[in-house]
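# A closer look at the structure
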Amino acid sequence: MEHAPQSLTIRPGYADDELALRRLATLDSAPAVPPAPLLIAEIDDELRAAYSVRDGSAIADPFRPTAALLELLALRAAQLRRAERQAESTRPLRRADARRRRAARGAFA
């Protein structure tokens, strides 16, 4: 028996995902949808798992293999958190550079 190729999509959760997320939480016997921001894993456009970037809580379809999806979502969330920390740490430097450039332009005006 041949299996059709499956497409995996990892994307941010959006407001219009709310109904599908509530269904998934119920299916997973979770008390609620994890807190936003969320990362969503879809297989062939079907919601299979959701992961909170904020606190690491997750919901997943208990009737499908989702352990690998949850690992991927956790990895992607860690990448996003790391990128956000790096962006925050360089913001003061970028502001100082912008002030220096404005001051330099003013000196030659």
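I will try to describe carefully the structure that is included in this document.

So, how was this worked out
- Residues numbered from 1 in each chain as written.
- Predicted model: local features only at pLDDT ≥ 70, side-chain atom pairs only at ≥ 80, totals over all residues.
- Heavy atoms only, no water.
- Helix = DSSP H or I, 4+ residues; strand = E, 2+ residues; numbered from the N terminus.
- Pairing = 2+ DSSP bridges.
- Axes fitted to C-alpha atoms, helices over the stretch in contact; angles between N-to-C directions.
- Contact = heavy atoms within 4.5 Å.

Put simply, alanine 36 and proline 37 share a cis peptide bond, and its omega is 0°. Tracing the backbone shows proline 37 in the loop between helix H1 (18-27) and strand E2 (38-43). A positive phi is found at serine 29, a non-glycine position, where the angle reads about 60°. Position of serine 29 relative to the elements: it lies in the loop between H1 and E2. One non-glycine residue, aspartate 44, adopts positive backbone phi at about 50°.

This part covers the sheet that holds strand E3 (residues 46-52). Taken together, the four strands give an open sheet; going across it, the order is E1-E2-E3-E4, and neighbouring strands pair in antiparallel fashion. Of all the strands in the sheet, the pair left with one neighbour each is strand E1 (8-12) and strand E4 (58-60). Each strand axis lies, on average, 20° off the axis of its neighbour in the sheet, ignoring direction. Where E3 meets E4, three bridges bridge the pair, whose relative direction is antiparallel. Looking at the pairing, tyrosine 51 lines up with alanine 58 of E4. Along the sheet face, H1 touches E2, E3 and E4 and points at about 85° away from the line of E3.

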